Amino acid sequence: MKLAVVGGGSTYTPELIDGFARLRDELPLTEIALVDPDGSRLELVAGISRRMLDRAGHPAKVLATSSVREGVAGAQAVLFQLRVGGQAARDVDETLPLRCGCVGQETTGAGGLAKALRTVPVVLELAEQVRAHAPEAWIVDFTNPVGIVTRALLDAGHRAIGLCNVAIGFQRRFAGRLGVDPSRVSLGHVGLNHLTWERSVMVDGMDVLPKLIAEHGQSIADDIGLPVELVTRLGVVPSYYLRYFYAHDLVVAEQRAKPSRAAEVAAMEAELLKLYADPSVDTKPALLEKRGGAFYSEAAVALIASLLGDRGDTQVVNVRNAGALPFLPDEAVIEVPAVVGAGGAVPLPVPAVEPLYAGLIANVSAYESVALEAALRGGADRVRNALLAHPLIGQEAVAGELTRLLLEANRAHLPWVVSA
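Residues numbered from 1 in each chain as written. Predicted model: local features only at pLDDT ≥ 70, side-chain atom pairs only at ≥ 80, totals over all residues. Heavy atoms only, no water.

## Quick notes on the packing of aromatic side chains
For the structure shown, the criterion picks out seven aromatic pairs. Arranged with centres 6.1 Å apart and planes meeting at 55°, the rings of Y241 and Y244 form a pair that is tilted. Across the pair, Y244 and Y241 agree in class, each one buried. A network of ring pairs unites the aromatic residues Y12, F142 and Y296 as a single cluster. Over the face of the ring belonging to W138 we find R159, whose NZ or CZ atom lies 4.3 Å from the ring centre. Above the face of the F170 ring, R173 is positioned so that its terminal group lies 5.2 Å from the ring centre. (Phe/Tyr/Trp six-rings, centres within 6.5 Å; stacked < 30°, edge-to-face > 60°. Buried < 20%, exposed > 50% of the residue type's maximum accessible area, 1.4 Å probe, protein only. Lys NZ or Arg CZ within 6 Å of the ring centre and 35° of its normal.)

Take a look at the structure:
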(Lines give C-alpha, C1' and ligand atoms only; values in the text may rest on other atoms or scores of the structure.)
Protein backbone atom coordinates (compact mmCIF):
# COMPACT_ATOMS: atom_id res chain seq x y z
CA MET A 1 0.00 0.00 0.00
CA LYS A 2 1.42 3.36 -1.05
CA LEU A 3 0.72 6.66 0.68
CA ALA A 4 1.87 10.06 -0.60
CA VAL A 5 2.35 13.15 1.56
CA VAL A 6 2.30 16.39 -0.43
CA GLY A 7 4.18 18.85 1.72
CA GLY A 8 6.29 15.98 3.01
CA GLY A 9 9.22 18.30 3.75
CA SER A 10 7.32 19.80 6.66
CA THR A 11 9.05 19.56 10.02
CA TYR A 12 5.80 18.02 11.23
CA THR A 13 6.13 14.93 9.00
CA PRO A 14 8.03 12.83 11.60
CA GLU A 15 4.88 13.07 13.76
CA LEU A 16 3.03 11.35 10.93
CA ILE A 17 5.78 8.78 10.53
CA ASP A 18 5.63 8.00 14.24
CA GLY A 19 1.91 7.34 13.92
CA PHE A 20 2.37 5.14 10.86
CA ALA A 21 5.02 3.14 12.70
CA ARG A 22 2.97 2.65 15.87
CA LEU A 23 -0.26 1.84 14.04
CA ARG A 24 1.16 -0.39 11.33
CA ASP A 25 -1.48 -3.08 11.83
CA GLU A 26 -4.24 -0.57 11.03
CA LEU A 27 -2.44 0.77 7.97
CA PRO A 28 0.03 -1.70 6.44
CA LEU A 29 2.07 0.68 4.30
CA THR A 30 4.78 -0.55 1.97
CA GLU A 31 5.80 2.86 0.57
CA ILE A 32 5.56 6.43 1.83
CA ALA A 33 6.27 9.10 -0.78
CA LEU A 34 7.26 12.51 0.60
CA VAL A 35 6.68 15.22 -2.01
CA ASP A 36 8.08 18.71 -1.54
CA PRO A 37 9.72 21.38 -3.75
CA ASP A 38 12.27 22.25 -1.03
CA GLY A 39 14.95 19.64 -1.66
CA SER A 40 17.16 20.47 1.32
CA ARG A 41 14.37 20.20 3.87
CA LEU A 42 12.95 17.15 2.13
CA GLU A 43 16.18 15.19 2.42
CA LEU A 44 16.50 15.94 6.13
CA VAL A 45 12.90 14.95 6.83
CA ALA A 46 13.17 11.84 4.65
CA GLY A 47 16.36 10.86 6.46
CA ILE A 48 14.86 10.89 9.94
CA SER A 49 11.69 9.25 8.58
CA ARG A 50 13.73 6.31 7.27
CA ARG A 51 15.62 6.00 10.56
CA MET A 52 12.38 6.07 12.56
CA LEU A 53 10.83 3.34 10.43
CA ASP A 54 14.01 1.24 10.64
CA ARG A 55 14.08 1.57 14.41
CA ALA A 56 10.45 0.46 14.58
CA GLY A 57 11.10 -2.47 12.25
CA HIS A 58 8.59 -1.09 9.76
CA PRO A 59 9.09 -2.40 6.20
CA ALA A 60 7.83 0.70 4.35
CA LYS A 61 10.26 2.43 2.01
CA VAL A 62 10.46 6.23 1.94
CA LEU A 63 10.59 7.98 -1.42
CA ALA A 64 11.67 11.64 -1.38
CA THR A 65 10.85 13.57 -4.54
CA SER A 66 10.01 17.03 -5.83
CA SER A 67 7.90 15.45 -8.59
CA VAL A 68 4.22 15.35 -7.72
CA ARG A 69 3.65 12.88 -10.54
CA GLU A 70 6.28 10.47 -9.24
CA GLY A 71 5.12 10.86 -5.66
CA VAL A 72 1.41 10.26 -6.16
CA ALA A 73 1.57 7.67 -8.96
CA GLY A 74 -0.03 4.47 -7.75
CA ALA A 75 -0.89 5.84 -4.32
CA GLN A 76 -4.06 4.67 -2.60
CA ALA A 77 -4.23 7.81 -0.47
CA VAL A 78 -2.65 11.26 -0.69
CA LEU A 79 -2.29 13.60 2.28
CA PHE A 80 -2.17 17.35 1.61
CA GLN A 81 -0.30 19.28 4.32
CA LEU A 82 1.22 22.22 2.50
CA ARG A 83 1.79 25.84 3.44
CA VAL A 84 2.01 28.21 0.47
CA GLY A 85 4.46 30.97 1.35
CA GLY A 86 5.83 29.17 4.39
CA GLN A 87 6.12 30.67 7.85
CA ALA A 88 6.92 34.09 6.34
CA ALA A 89 3.45 34.29 4.80
CA ARG A 90 1.94 32.98 8.02
CA ASP A 91 3.66 35.75 9.95
CA VAL A 92 1.94 38.30 7.70
CA ASP A 93 -1.40 36.55 8.21
CA GLU A 94 -0.96 36.82 11.96
CA THR A 95 0.37 40.36 12.22
CA LEU A 96 -1.11 42.43 9.39
CA PRO A 97 -4.77 42.27 10.57
CA LEU A 98 -3.69 43.70 13.93
CA ARG A 99 -2.98 47.00 12.18
CA CYS A 100 -6.73 47.29 11.60
CA GLY A 101 -7.74 46.13 15.07
CA CYS A 102 -8.64 42.61 13.90
CA VAL A 103 -7.53 39.21 15.15
CA GLY A 104 -4.39 37.94 13.44
CA GLN A 105 -4.73 34.20 12.91
CA GLU A 106 -3.72 31.98 10.01
CA THR A 107 -7.06 30.18 9.59
CA THR A 108 -9.63 32.61 10.98
CA GLY A 109 -10.62 36.11 9.90
CA ALA A 110 -8.48 38.15 7.52
CA GLY A 111 -5.44 35.90 7.90
CA GLY A 112 -7.50 32.84 7.06
CA LEU A 113 -8.81 34.55 3.94
CA ALA A 114 -5.30 35.47 2.83
CA LYS A 115 -4.23 31.87 3.29
CA ALA A 116 -7.23 30.63 1.29
CA LEU A 117 -6.40 33.01 -1.56
CA ARG A 118 -2.85 31.65 -1.75
CA THR A 119 -3.71 28.03 -1.14
CA VAL A 120 -6.84 27.05 -3.06
CA PRO A 121 -5.39 27.45 -6.59
CA VAL A 122 -2.25 25.50 -5.65
CA VAL A 123 -4.22 22.69 -4.02
CA LEU A 124 -6.48 22.36 -7.05
CA GLU A 125 -3.47 22.10 -9.36
CA LEU A 126 -2.01 19.36 -7.15
CA ALA A 127 -5.34 17.55 -7.04
CA GLU A 128 -5.42 17.42 -10.83
CA GLN A 129 -2.08 15.61 -10.69
CA VAL A 130 -3.62 13.12 -8.29
CA ARG A 131 -6.61 12.67 -10.61
CA ALA A 132 -4.28 12.03 -13.54
CA HIS A 133 -1.81 9.66 -11.88
CA ALA A 134 -3.76 8.08 -9.00
CA PRO A 135 -7.42 8.42 -10.04
CA GLU A 136 -8.73 6.04 -7.37
CA ALA A 137 -6.80 7.64 -4.52
CA TRP A 138 -8.49 9.44 -1.66
CA ILE A 139 -7.23 12.94 -0.91
CA VAL A 140 -7.11 13.67 2.80
CA ASP A 141 -6.75 17.40 3.32
CA PHE A 142 -5.07 18.76 6.42
CA THR A 143 -4.16 22.01 4.65
CA ASN A 144 -5.76 25.06 6.23
CA PRO A 145 -8.26 26.57 5.99
CA VAL A 146 -9.55 23.00 5.85
CA GLY A 147 -13.23 23.83 5.33
CA ILE A 148 -12.64 26.12 2.35
CA VAL A 149 -9.96 23.90 0.80
CA THR A 150 -12.11 20.77 1.16
CA ARG A 151 -15.07 22.57 -0.40
CA ALA A 152 -12.87 23.59 -3.34
CA LEU A 153 -11.71 19.99 -3.83
CA LEU A 154 -15.22 18.57 -3.66
CA ASP A 155 -16.65 21.21 -5.98
CA ALA A 156 -13.98 20.22 -8.51
CA GLY A 157 -15.05 16.58 -8.32
CA HIS A 158 -12.14 15.15 -6.33
CA ARG A 159 -12.34 12.22 -3.91
CA ALA A 160 -11.53 14.31 -0.87
CA ILE A 161 -12.21 14.50 2.86
CA GLY A 162 -11.01 17.21 5.23
CA LEU A 163 -9.35 16.35 8.52
CA CYS A 164 -8.64 18.38 11.66
CA ASN A 165 -7.15 17.38 15.01
CA VAL A 166 -9.51 19.43 17.23
CA ALA A 167 -12.04 16.63 17.80
CA ILE A 168 -9.51 13.90 18.48
CA GLY A 169 -7.70 16.28 20.83
CA PHE A 170 -10.88 16.79 22.85
CA GLN A 171 -11.61 13.07 22.82
CA ARG A 172 -8.17 12.21 24.20
CA ARG A 173 -8.21 14.94 26.86
CA PHE A 174 -11.73 14.09 27.99
CA ALA A 175 -10.83 10.40 28.18
CA GLY A 176 -7.82 11.27 30.32
CA ARG A 177 -9.92 13.31 32.73
CA LEU A 178 -12.51 10.53 32.95
CA GLY A 179 -9.93 7.77 33.30
CA VAL A 180 -11.33 5.73 30.41
CA ASP A 181 -9.95 4.45 27.12
CA PRO A 182 -10.46 6.99 24.29
CA SER A 183 -12.25 4.35 22.21
CA ARG A 184 -15.15 4.55 24.68
CA VAL A 185 -15.58 8.31 24.17
CA SER A 186 -17.64 9.81 21.34
CA LEU A 187 -18.38 13.48 20.86
CA GLY A 188 -21.40 15.55 19.92
CA HIS A 189 -19.10 17.65 17.79
CA VAL A 190 -20.82 20.17 15.52
CA GLY A 191 -19.96 23.17 13.36
CA LEU A 192 -17.43 24.11 10.73
CA ASN A 193 -13.70 23.58 10.69
CA HIS A 194 -12.22 25.69 13.51
CA LEU A 195 -15.72 26.74 14.57
CA THR A 196 -17.09 23.85 16.64
CA TRP A 197 -18.72 22.99 19.94
CA GLU A 198 -18.85 19.75 21.93
CA ARG A 199 -22.51 19.44 22.92
CA SER A 200 -22.25 15.96 24.38
CA VAL A 201 -19.58 13.52 25.51
CA MET A 202 -20.85 9.97 25.38
CA VAL A 203 -19.24 7.13 27.33
CA ASP A 204 -20.87 3.74 26.94
CA GLY A 205 -24.09 5.39 25.80
CA MET A 206 -24.30 7.97 28.60
CA ASP A 207 -23.72 11.71 28.24
CA VAL A 208 -21.09 12.68 30.82
CA LEU A 209 -20.54 16.25 29.63
CA PRO A 210 -22.37 17.80 32.61
CA LYS A 211 -20.18 15.74 34.96
CA LEU A 212 -17.05 16.76 33.05
CA ILE A 213 -17.88 20.46 33.28
CA ALA A 214 -18.86 20.21 36.94
CA GLU A 215 -15.69 18.40 37.95
CA HIS A 216 -13.14 19.71 35.44
CA GLY A 217 -14.63 23.00 34.26
CA GLN A 218 -11.66 25.14 35.21
CA SER A 219 -9.07 22.96 33.49
CA ILE A 220 -11.26 22.70 30.39
CA ALA A 221 -11.66 26.48 30.35
CA ASP A 222 -7.90 26.90 30.71
CA ASP A 223 -7.37 24.60 27.72
CA ILE A 224 -9.61 26.68 25.46
CA GLY A 225 -8.63 30.08 26.85
CA LEU A 226 -12.15 31.09 27.86
CA PRO A 227 -13.72 31.87 31.27
CA VAL A 228 -15.03 28.89 33.22
CA GLU A 229 -18.20 30.89 33.84
CA LEU A 230 -18.90 30.85 30.10
CA VAL A 231 -18.37 27.10 29.80
CA THR A 232 -20.59 26.47 32.81
CA ARG A 233 -23.35 28.77 31.56
CA LEU A 234 -23.38 27.34 28.04
CA GLY A 235 -23.06 23.74 29.17
CA VAL A 236 -20.96 22.97 26.09
CA VAL A 237 -17.25 23.07 25.31
CA PRO A 238 -16.32 25.48 22.50
CA SER A 239 -13.14 24.82 20.55
CA TYR A 240 -10.16 27.05 21.23
CA TYR A 241 -10.90 28.88 17.99
CA LEU A 242 -14.13 30.28 19.44
CA ARG A 243 -11.88 32.42 21.61
CA TYR A 244 -11.29 34.62 18.56
CA PHE A 245 -15.03 35.34 18.53
CA TYR A 246 -15.95 35.28 22.22
CA ALA A 247 -12.89 37.26 23.40
CA HIS A 248 -11.92 39.16 20.25
CA ASP A 249 -10.63 42.40 21.78
CA LEU A 250 -8.70 40.58 24.50
CA VAL A 251 -7.03 38.37 21.89
CA VAL A 252 -6.05 41.39 19.77
CA ALA A 253 -4.46 43.03 22.82
CA GLU A 254 -2.55 39.85 23.65
CA GLN A 255 -1.35 39.40 20.08
CA ARG A 256 -0.08 42.95 19.88
CA ALA A 257 2.01 42.38 23.01
CA LYS A 258 3.99 39.33 21.92
CA PRO A 259 5.70 37.75 18.90
CA SER A 260 3.53 35.92 16.38
CA ARG A 261 3.02 32.19 16.54
CA ALA A 262 4.70 32.03 13.12
CA ALA A 263 7.88 33.50 14.63
CA GLU A 264 7.80 30.92 17.41
CA VAL A 265 7.27 28.06 14.96
CA ALA A 266 10.02 29.31 12.63
CA ALA A 267 12.49 29.17 15.54
CA MET A 268 11.28 25.65 16.42
CA GLU A 269 11.64 24.53 12.82
CA ALA A 270 15.27 25.68 12.71
CA GLU A 271 16.01 23.59 15.79
CA LEU A 272 14.07 20.61 14.48
CA LEU A 273 15.93 20.62 11.18
CA LYS A 274 19.23 20.54 13.09
CA LEU A 275 17.98 17.49 14.97
CA TYR A 276 16.79 15.83 11.76
CA ALA A 277 20.24 16.33 10.26
CA ASP A 278 21.82 14.30 13.09
CA PRO A 279 22.19 10.71 11.83
CA SER A 280 21.93 9.41 15.41
CA VAL A 281 18.39 10.77 15.85
CA ASP A 282 15.93 8.00 15.04
CA THR A 283 12.95 8.87 17.25
CA LYS A 284 10.47 11.73 17.24
CA PRO A 285 12.13 14.69 19.02
CA ALA A 286 10.36 15.95 22.14
CA LEU A 287 10.46 19.47 20.68
CA LEU A 288 8.02 18.34 18.00
CA GLU A 289 5.26 18.22 20.62
CA LYS A 290 5.35 22.02 20.75
CA ARG A 291 5.03 22.30 16.97
CA GLY A 292 1.27 21.71 17.01
CA GLY A 293 -1.02 19.15 15.38
CA ALA A 294 -1.30 16.77 18.34
CA PHE A 295 -2.96 13.44 17.51
CA TYR A 296 -3.16 14.25 13.79
CA SER A 297 -1.20 11.13 12.91
CA GLU A 298 -3.67 8.92 14.78
CA ALA A 299 -6.61 10.69 13.12
CA ALA A 300 -5.01 10.36 9.68
CA VAL A 301 -4.26 6.66 10.13
CA ALA A 302 -7.81 5.96 11.32
CA LEU A 303 -9.38 7.87 8.44
CA ILE A 304 -7.25 6.30 5.72
CA ALA A 305 -7.67 2.82 7.20
CA SER A 306 -11.45 3.26 7.14
CA LEU A 307 -11.52 4.61 3.59
CA LEU A 308 -9.34 1.83 2.23
CA GLY A 309 -10.62 -0.95 4.50
CA ASP A 310 -14.33 -0.04 4.37
CA ARG A 311 -14.58 -0.21 8.18
CA GLY A 312 -17.80 1.77 8.48
CA ASP A 313 -16.81 3.35 11.78
CA THR A 314 -17.58 6.86 13.02
CA GLN A 315 -15.03 9.67 12.83
CA VAL A 316 -15.19 13.47 12.92
CA VAL A 317 -14.33 14.79 9.47
CA ASN A 318 -15.02 17.67 7.09
CA VAL A 319 -17.66 16.56 4.62
CA ARG A 320 -20.58 17.84 2.56
CA ASN A 321 -23.50 18.99 4.67
CA ALA A 322 -26.05 17.04 2.59
CA GLY A 323 -28.91 18.06 4.87
CA ALA A 324 -27.22 17.31 8.21
CA LEU A 325 -27.56 20.97 9.23
CA PRO A 326 -30.83 22.11 7.60
CA PHE A 327 -30.00 25.80 7.97
CA LEU A 328 -27.01 25.41 5.60
CA PRO A 329 -26.91 24.60 1.87
CA ASP A 330 -26.35 20.94 1.05
CA GLU A 331 -23.07 21.80 -0.70
CA ALA A 332 -21.55 23.47 2.37
CA VAL A 333 -18.72 21.64 4.14
CA ILE A 334 -19.28 20.94 7.83
CA GLU A 335 -17.28 19.23 10.58
CA VAL A 336 -19.33 16.52 12.29
CA PRO A 337 -19.21 12.81 13.13
CA ALA A 338 -19.64 10.72 9.99
CA VAL A 339 -19.65 7.05 9.04
CA VAL A 340 -16.51 6.38 7.00
CA GLY A 341 -16.13 3.57 4.49
CA ALA A 342 -14.94 2.81 0.98
CA GLY A 343 -17.53 5.17 -0.48
CA GLY A 344 -16.43 8.12 1.62
CA ALA A 345 -17.97 9.77 4.66
CA VAL A 346 -21.68 10.20 5.37
CA PRO A 347 -22.57 12.63 8.17
CA LEU A 348 -24.64 11.22 11.00
CA PRO A 349 -27.91 12.93 11.94
CA VAL A 350 -27.25 16.00 14.06
CA PRO A 351 -29.62 17.06 16.87
CA ALA A 352 -31.15 20.49 16.21
CA VAL A 353 -28.49 23.16 16.71
CA GLU A 354 -29.36 25.96 19.13
CA PRO A 355 -29.68 29.45 17.57
CA LEU A 356 -26.72 30.68 19.62
CA TYR A 357 -24.47 28.37 17.61
CA ALA A 358 -26.48 28.00 14.40
CA GLY A 359 -26.37 31.73 13.75
CA LEU A 360 -22.58 31.89 13.87
CA ILE A 361 -22.21 28.68 11.87
CA ALA A 362 -24.49 30.06 9.15
CA ASN A 363 -22.62 33.38 9.07
CA VAL A 364 -19.18 31.82 8.76
CA SER A 365 -20.39 29.24 6.24
CA ALA A 366 -21.71 32.05 4.07
CA TYR A 367 -18.36 33.83 4.40
CA GLU A 368 -16.59 30.62 3.29
CA SER A 369 -18.67 30.55 0.10
CA VAL A 370 -17.74 34.16 -0.69
CA ALA A 371 -14.10 33.50 0.22
CA LEU A 372 -13.93 30.47 -2.07
CA GLU A 373 -15.27 32.56 -4.94
CA ALA A 374 -12.51 35.10 -4.30
CA ALA A 375 -9.86 32.38 -4.19
CA LEU A 376 -11.08 30.84 -7.45
CA ARG A 377 -11.72 33.98 -9.48
CA GLY A 378 -9.61 36.66 -7.83
CA GLY A 379 -10.42 40.35 -7.81
CA ALA A 380 -10.18 43.00 -5.12
CA ASP A 381 -13.96 43.41 -4.94
CA ARG A 382 -14.45 39.71 -4.20
CA VAL A 383 -11.80 39.86 -1.49
CA ARG A 384 -13.45 42.92 0.02
CA ASN A 385 -16.84 41.21 -0.05
CA ALA A 386 -15.41 38.18 1.76
CA LEU A 387 -13.94 40.39 4.47
CA LEU A 388 -17.23 42.24 4.76
CA ALA A 389 -19.03 38.89 5.17
CA HIS A 390 -16.79 37.69 7.99
CA PRO A 391 -18.24 38.30 11.47
CA LEU A 392 -14.80 39.20 12.85
CA ILE A 393 -14.52 42.09 10.38
CA GLY A 394 -17.84 43.16 8.87
CA GLN A 395 -17.13 46.89 8.59
CA GLU A 396 -16.81 48.44 5.14
CA ALA A 397 -13.91 50.78 5.97
CA VAL A 398 -11.95 48.04 7.73
CA ALA A 399 -12.65 45.58 4.91
CA GLY A 400 -11.40 48.12 2.38
CA GLU A 401 -8.15 48.78 4.23
CA LEU A 402 -7.53 45.10 4.86
CA THR A 403 -8.11 44.33 1.19
CA ARG A 404 -5.44 46.83 0.19
CA LEU A 405 -2.96 45.53 2.76
CA LEU A 406 -3.56 41.81 2.15
CA LEU A 407 -3.31 42.03 -1.61
CA GLU A 408 -0.12 44.05 -1.46
CA ALA A 409 1.45 41.64 1.05
CA ASN A 410 0.46 38.57 -0.99
CA ARG A 411 1.21 39.96 -4.45
CA ALA A 412 3.92 37.35 -5.08
CA HIS A 413 1.39 34.53 -4.65
CA LEU A 414 -1.58 36.09 -6.45
CA PRO A 415 -0.85 36.70 -10.13
CA TRP A 416 -4.17 38.49 -10.62
CA VAL A 417 -3.35 41.25 -8.13
CA VAL A 418 -1.69 43.39 -10.80
CA SER A 419 -5.06 43.82 -12.46
CA ALA A 420 -7.12 43.87 -9.30
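## Here's the deal with the side chain of Q171
Inspection of the secondary structure puts Q171 in helix α7 (residues 166–178). Classification of Q171 as buried rests on a relative accessible area of 17%. A polar contact of 3.0 Å, which involves the side chain of Q171, links it to the backbone oxygen of V185. (Helix = DSSP H or I, 4+ residues; strand = E, 2+ residues; numbered from the N terminus. Polar contact = N/O pair within 3.5 Å; in protein donor to acceptor, adjacent residues only side chain to side chain.)

## Here's the deal with empty space enclosed by the protein
Counted according to the given criterion, the structure contains two cavities of 30 Å³ or more. The space that makes up the largest cavity amounts to roughly 140 Å³. Forming the walls of the largest cavity are 15 residues, and the residues nearest its centre are T107, T108, N193, V364 and E368. Tallied by class, the residues present in the lining of the largest cavity amount to seven nonpolar, seven polar and one charged. Taken as a whole, the second largest cavity encloses approximately 50 Å³ of empty space. Lining the second largest cavity we find G147, I148, R151, A332, V333, S365, E368, S369 and L372. Every element with two or more residues in the lining of the second largest cavity is listed here: α6 (146–155) and α14 (355–377). Of the residues contributing to the lining of the second largest cavity, the split by class is four nonpolar, three polar and two charged. (1 Å grid on protein atoms, 1.4 Å probe; cavity = no way out; pocket = protein on both sides within 12 Å on 5 of 7 lines; lining within 4 Å. Points joined across faces, edges and corners; volume = space filled by probe spheres on them. Nonpolar A, V, L, I, M, F, W, Y, C, P; charged D, E, K, R; others polar.)

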